[in-house]
Amino acid sequence: MFVIFFLQLSRNYATAPAKEQKVKVPVTMCGVSENYASALYIATVKASALEKVESEILDLIEVSKKSSKFSHFMKDLSVPTDTRVKAISNICAQAKFGDLTRNFLVVLAENGRLKHIDAIAKKVCRVNHGTQGGA
């Protein structure tokens with residue numbers, strides 16, 4: 001009986017997954033946009049995709065600045081959640097954004113937080129580039 005238990009234990013121990021990379025945001029951030037910025041920073045650092053995701057989100061912000069209709073869509077909470085999610089998913093597909101960017105933007109759309117994308121991006125950029133100060 002002990003041998004069976006030991007073999008099972010050693011098999012599990014030998015095939016244990018590698019430790020997950022621990023990532024910490026180098027500055028303390030509090031608030032809605034800061035919480036999303038922290039989550040985005042940690043996810044992108046773990047995936048070694050910070051620069052790519054930052055660039056894609058900045059591209060989306062630039063488009064929203066050029067289109068008042070799109071900018072209004074991003075801020076309008078009266079748009080049904082499923083419509084926001086579908087629109088963001090389609091935009092990400094057309095822009096050929098990566099999965100991390102698409103997933104993050106979908107979460108923002110689901111939670112009615114697309115209006116915070118500019119503040120989130122500024123905070124992630126500030127952390128990534130090591131600058132301090134207000135948004």
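Each value, and the rule that gives it
Residues numbered from 1 in each chain as written. Predicted model: local features only at pLDDT ≥ 70, side-chain atom pairs only at ≥ 80, totals over all residues. Heavy atoms only, no water. Axes fitted to C-alpha atoms, helices over the stretch in contact; angles between N-to-C directions. Helix = DSSP H or I, 4+ residues; strand = E, 2+ residues; numbered from the N terminus. Parallel < 35°, antiparallel > 145°, perpendicular 65-115°, else oblique. Contact = heavy atoms within 4.5 Å. Nonpolar A, V, L, I, M, F, W, Y, C, P; charged D, E, K, R; others polar. pLDDT = per-residue confidence, 0-100. Phe/Tyr/Trp six-rings, centres within 6.5 Å; stacked < 30°, edge-to-face > 60°. Buried < 20%, exposed > 50% of the residue type's maximum accessible area, 1.4 Å probe, protein only. Lys, Arg positive; Asp, Glu negative; His and termini not counted. Salt bridge = Lys/Arg side-chain N within 4 Å of Asp/Glu carboxyl O. Polar contact = N/O pair within 3.5 Å; in protein donor to acceptor, adjacent residues only side chain to side chain.

## A few points about the packing of helix H2 (residues 32–46) against helix H3 (residues 50–66)
Interhelical geometry of H2 versus H3 gives an angle of 135° and a closest axis separation of 8 Å. Classed by the angle they form, the pair H2 and H3 counts as oblique. Residue-level contacts link Leu40, Tyr41, Thr44 and Val45 of H2 to Leu50, Val53 and Ile57 of H3. For the contact of H2 with H3, the per-class residue count stands at six nonpolar, one polar and no charged.

## Section: the confidence of the model for the protein
Summing up the model confidence of the protein, the mean pLDDT is 81 and the portion of residues at 70 or higher is 74%. Across residues 1–16 the pLDDT falls below 50, and counting only partners more than four positions away or on other chains, this stretch makes zero contacts in the model.

## A closer look at the packing of aromatic side chains
A complete count under the given rule lists two aromatic pairs for this structure. Ring geometry for Phe70 against Phe73: centres 6.1 Å apart, planes inclined by 20°, an arrangement best described as stacked. With Phe70 and Phe73 both in helix H4 (residues 68–75) and three residues apart, this pair spans about one turn of that helix. A residue is classified by how much of its surface remains accessible, and Phe70, at 11% relative accessible area, is buried. On the accessibility criterion, Phe73 (15% relative accessible area) is buried.

## What to know about the side chain of Asp76
By the element assignment, Asp76 lies in the loop between H4 and helix H5 (81–95). For Asp76, which is buried and forms no salt bridge, the nearest opposite charge comes from Arg84, at a distance of 7.0 Å. A distance of 2.6 Å separates a polar atom in the side chain of Asp76 from a polar atom in the side chain of Ser78.

## Some remarks on the environment of Lys96
As for its placement among the helices and strands, Lys96 is situated in the loop between H5 and helix H6 (99–110). Residues Lys96 and Glu56, spaced 40 residues apart in sequence, show a C-alpha to C-alpha distance of 9.2 Å.

## What about the packing of H3 against H4?
Direction vectors running N to C along H3 and H4 enclose 115°, while the axes themselves pass 5 Å from each other. Along the contact surface, H3 presents Leu60, Val63, Ser64 and Lys66, while H4 presents Ser68, Phe70, Ser71 and Met74. Taken together, the residues of the contact of H3 with H4 sort by class into four nonpolar, three polar and one charged.

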